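Chain residues, written in single-letter form:
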Amino acid sequence: MGAELMSVNNLSSLSSQPVAEHRGESESPSRLAEFRRYLRVFLTFARNSLIRDMTFRADFIFHCISSVAWTAMNVGFYVLVFRFTSMIGQDTGWGRDEFFLFLATVWFINSLVQAFFMPNANEFSELIRTGGLDFALLKPIDTQFLISFRRIEWSAMSNFVVGLLIAGVSLHSMATRPESPVFPSLMSWILYPFFVGCGVAIMYSIMICLAATSVWLGRNQSLYDFWFYITNFSRYPMEIYDTPLGRPLLGLFTLVIPVLVVVNVPARILAKPLNPRADWEWLLAAWAVIATVLCVAFSRWLFRLSLKSYRSASS
Amino acid sequence: MPIIEVRELTKYYRVHRKREGLGASFRGLFRREYTEVQAVKGINLTVEAGEFVAFLGPNGAGKTTTLKLLSGVINPTGGTATVMGYVPWERRNEYRRRFALVMGQKNQLWWDLPAQESYRLHQQIYGIPDDRFRHTLDELTDLLDVTKLLGQPVRELSLGERMKMELIAALLHSPEVLFLDEPTIGLDVIAQHTIQQFLRHYQQERGTTILLTSHYMKDVAALCQRVVIVAGGLVQYDGSLAGIVDQFSGKKIVTLQFAVGVRPDDLARHGTVLETQWPRVKLGITRADVPRVLAETLRDYAIEDVSVEDPPLEEVIADLFHQVS
């Protein structure tokens with residue numbers, strides 16, 4: 001400790017730094033420089049999360065194993081279902097291969113959301129409740145960006161790999177089956193990742209909206225539950241809601257809370273259940289793009305509104 | 001031009017009043033009663049660049065709320081404030097690059113990671129060039145003697161070490177204005193002293209404008225030329241530390257040491273008898289009466305020693321807090 005106190009005397013070495021100079025450079029940073037700054041911050045988040053995950057190695061491995069096991073159970077269940085039927089619904093085109101491609105899409109989107117946004121949205125509610133959001137608000141960077149990408153749960157990406165596996169097997173099976181083999185076109189390959197991205201963006205927006213409500217609710221532990229209820233609707237081909245009772249749900253979850261387009265649009269593009277494609281499929285795809293823009297814009301608006309009402313917590 | 005200007009700043013919270021018991025809680029589901037908490041009731045403050053100002057006040061006085069308002073963490077109910085010409089709650093990046101807030105009770109470093117990983121993140125967020133970042137970090141870790149702890153996960157550090165790490169995190173971008181909310185809370189005397197020393201030298205070298213809240217009078221006495229007492233959401237005093245005693249205490253403490261065997265029993269007529277430990281007696285005496293009382297006692301009794309002191313600052317302030325609340 002004595003050394004510690006003495007070392008304070010070194011302070012004369014604290015050269016009066018060119019504070020003014022660095023202000024000049026940060027006054028109006030170019031768009032490219034800003035983009036690079038955000039990218040660097042994101043990469044640092046990714047890196048720190050990985051370091052953290054590796055610190056808790058056993059937890060990481062256990063999480064991977066449990067989520068892969070959960071996937072295996074799901075796959076087993078649907079294999080079982082398809083022993084009793086050859087198609088979901090009549091003339092929908094969702095045969096076994098097509099459906100497993102759908103399932104792979106569910107897995108891609110869910111794993112991306114779980115890896116990138118789930119831990120952050122959940123932590124956001126916690127930050128609001130405990131007042132930890134204070135620090136995020138102090139940083140000279142977009143608060144929603146900071147909150148949304150803080151932590152990445154790399155173990156959730158194990159399901160992404162499993163999704164690739166399921167997709168590979170079903171694509172292979174579709175291409176090699178004797179009856180009406182399907183080869184996705186180049187266009188499908190380009191559009192598929194784009195619409196998977198749209199799906200992730202919609203899911204992210206819904207999640208941020210739910211998390212932002214914790215500002216007004218004080219605590220929002222039902223976040224995960226509510227999320228699960230809503231997104232459960234997205235996990236099946238939308239044709240299953242095409243019944244008198246299901247139609248209001250179909251409307252609600254396509255137009256108001258558009259979770260149905262999240263998986264359905266990209267999955268239809270790659271799996272091509274209807275051959276030739278129907279006109280409404282293109283309309284649905286166009287709506288998916290519009291819905292993505294609307295959802296992101298709405299979530300951003302709600303997020304900003306919630307920050308205005310933020311009261312911080314006692315320290 | 002002042003660097004911080006605050007005019008009639010107010011912050012009211014509406015809080016849900018919870019009544020006791022299950023039945024009342026159930027009724028509260030349907031009809032809620034709200035009360036308004038006036039955390040800050042109209043604060044006026046002007047701070048010039050390079051000042052080191054202490055905010056003193058009892059718990060719940062509005063000190064932290066004021067710092068949060070000035071940092072733009074929360075929005076005010078009314079009034080205006082500018083810091084370096086910016087309105088804090090607009091949360092402009094240009095402003096956020098130029099100040100820092102340290103809260104002794106909260107931590108912003110990643111709990112499971114070594115502090116240096118959090119620092120790197122700060123570097124990216126603030127866009128600090130590599131060479132300057134390394135230079136500043138080296139200096140700060142050297143001064144606070146924590147270079148060896150940089151690679152250790154934050155959760156394994158002691159409270160004092162963690163506070164030093166938090167300070168470094170806040171200073172990496174060389175802020176021009178620094179808000180410190182109880183930076184020495186819960187620390188032992190040595191760690192408190194180290195942080196005081198560090199802050200004093202840092203402020204002297206850099207000329208950083210600092211607003212500090214603390215419960216430790218030692219922090220304040222060691223660091224600040226100017227003290228602002230906040231209580232009940234209002235500024236009660238703004239001036240030097242010594243001035244507090246002059247303004248709020250009309251008393252002096254006179255200690256008389258009598259010769260052996262001398263035990264007068266009529267001392268209460270001069271003032272309040274604070275303590276009696278024969279042969280020593282402590283009296284609280286109105287300032288104006290001190291010369292007369294001294295003259296009379298010296299004339300009437302055999303006295304070996306006399307001292308006249310101001311009452312302890314902490315007592316004066318405690319009295320003041322008590323009066324306001």
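These figures come from a predicted structure and were not determined experimentally. (Residues numbered from 1 in each chain as written. Chains lettered and ligands numbered in written order. Predicted model: local features only at pLDDT ≥ 70, side-chain atom pairs only at ≥ 80, totals over all residues. Heavy atoms only, no water.)

Draft legend 1. Highlighting the sheet that holds strand β6 (residues 177-181) of chain B. Residue and element names in this part refer to chain B. Ordered in space as β5-β6-β7-β3-β8-β9, the six strands form an open sheet in which the pairing is mixed. Because the sheet does not close on itself, it has two edges, and the strands there are β5 (99-103) and β9 (234-239). Recorded for the sheet is a direction-independent mean angle of 15 degrees between the axes of neighbouring strands. In this structure, strand β8 (residues 226-231) lies alongside β9, joined through five bridges in antiparallel fashion. Across the sheet, the residue bridging to V227 is G239, located in β9. Sitting on the sheet, helix α2 (residues 63-70) touches β3 (52-56), β5, β6, β7 (209-213) and β8, and the angle it makes with β6 is about 150 degrees. The sheet strands contacting helix α9 (residues 241-248) are β8 and β9, and the helix crosses β9 at an angle near 115 degrees. (Pairing = 2+ DSSP bridges. Helix = DSSP H or I, 4+ residues; strand = E, 2+ residues; numbered from the N terminus. Axes fitted to C-alpha atoms, helices over the stretch in contact; angles between N-to-C directions. Contact = heavy atoms within 4.5 Å.)

Draft legend 2. Spotlight on the nonpolar core. Ranked by size, the top nonpolar core spans 176 residues in total, and within it L133 of chain A together with I4, Y119, M165, F179 and L211 of chain B carry the most contacts. The greatest single-element share of this core, amounting to 16 residues, is contributed by helix α10 (residues 186-212) of chain A. Excluding its chain neighbours within four sequence positions, the residues that come into contact with F179 of chain B are I4, L67, L70, S71, Y95, F99, A100, L101, V102 and L211 of chain B. Judged by nonpolar contacts, the second largest core, of twelve residues, contains L256, F258, V281 and L294 of chain B. (Core = buried A, V, L, I, M, F, W, Y, C linked by side-chain atoms within 4.5 Å. Buried < 20%, exposed > 50% of the residue type's maximum accessible area, 1.4 Å probe, protein only.)

Draft legend 3. Region of the structure containing the pattern of salt bridges. According to the stated counting rule, one finds 28 salt bridges over all chains in the structure shown. Here E98 of chain A and R177 of chain A are joined by a salt bridge, their closest N and O atoms 2.9 Å apart. Residue E98 of chain A is located in helix α5 (residues 96-116), and its partner R177 of chain A is located in the loop between α9 (157-176) and α10; the two are separated by 79 residues in the primary sequence. As far as burial versus exposure is concerned, E98 of chain A and R177 of chain A are alike and both buried. As a salt-bridge pair, E176 of chain B and R98 of chain B come within 2.9 Å of each other at their nearest N and O atoms. (Salt bridge = Lys/Arg side-chain N within 4 Å of Asp/Glu carboxyl O.)

Draft legend 4. Representation of the pairing of β3 of chain B. All names here are of chain B. Where burial is concerned, most of β3 is hidden: five out of the five residues are buried. What you see with β3 is no split at all: F52, A54 and L56 on one side and V53 and F55 on the other are buried throughout. In the sheet, β3 pairs with β7 via four bridges, with the strands oriented parallel. In the sheet register, F52 faces β7, and the bridge partner there is I210.

Draft legend 5. Quick peek at the domain arrangement of chain B. Annotation of chain B at the domain level lists domain 1 (49-77 + 85-245) and domain 2 (250-309). For domain 1 of chain B versus domain 2 of chain B, the distance between C-alpha centres works out to 45 Å. (Domains from an automatic or database assignment.)

Draft legend 6. Examining the sheet that holds strand β13 (residues 303-309) of chain B more closely. Residues and elements named next belong to chain B. The strand order across the open sheet built from four strands is β11-β12-β10-β13, with neighbouring strands paired in antiparallel fashion. Both edges of this open sheet fall to β11 (272-277) and β13, since each of them pairs with a single strand only. With direction set aside, neighbouring strand axes in the sheet form an average angle of 20 degrees. In the packing of helix α10 (residues 290-300) onto the sheet, contacts are made with β10 (251-258), β12 (280-286) and β13, and the angle to β13 comes to roughly 170 degrees.

Draft legend 7. Representation of the side chain of S111 of chain A. Residue and element names in this part refer to chain A. Within the secondary structure, S111 sits in helix α5. Residue S111 is classed as buried on the basis of its relative accessible area of 1%. Separated by 2.9 Å, the side chain of S111 and the backbone oxygen of F108 make a polar contact. Apart from residues no more than four positions distant in its own chain, S111 is found in contact with A156, M157, N159 and F160. (Polar contact = N/O pair within 3.5 Å; in protein donor to acceptor, adjacent residues only side chain to side chain.)

Draft legend 8. Looking closely at unusual backbone geometry. Residue and element names in this part refer to chain B. The step from W278 to P279 runs through a cis peptide bond, and the omega angle for that step is 5 degrees. In this structure, E8 takes a positive phi of about 50 degrees despite not being glycine. Structurally, E8 is set in strand β1 (residues 4-16). Residue E8 is classed as partly exposed on the basis of its relative accessible area, which comes to 47%. Phi at E182 takes a positive value of approximately 50 degrees, unusual for a residue other than glycine. As for its placement among the helices and strands, E182 is situated in the loop between β6 and α7 (189-206).

Draft legend 9. Highlighting the interface of chain A and chain B. Counting residues at the interface gives 53 residues for chain A, matched by 57 residues for chain B. Run the count over chain A and chain B and you get four salt bridges. For K68 of chain B, the salt bridge is made with D134 of chain A, and the minimal N-O distance between the two is 3.7 Å. Linking chain A with chain B are ten residue pairs in polar contact (both at pLDDT 80 or more), by the criterion used here. Elements with a contribution of two residues or more to the side of chain A that touches chain B: α1 (2-7), α2 (19-26), α3 (31-55), α7 (133-138), α8 (143-149) and α15 (279-309) of chain A.

Draft legend 10. Local environment of the packing of α3 of chain A against helix α4 (residues 115-126) of chain B. For the pair α3 of chain A and α4 of chain B, interaxial distance at closest approach is 8 Å and the crossing angle is 165 degrees. As summarised for this structure, α3 of chain A and α4 of chain B are arranged roughly antiparallel, according to the angle between their axes. Regarding α3 of chain A and α4 of chain B, the two cross each other, and that crossing is left-handed. Across from R37, R40, V41, T44, F45, R47, N48 and I51 of chain A in α3 of chain A, the residues of α4 of chain B making contact are E117, R120, L121, Q124 and I125 of chain B. (Parallel < 35°, antiparallel > 145°, perpendicular 65-115°, else oblique. Left-handed = near helix turned anticlockwise from the far one by under 90°.)

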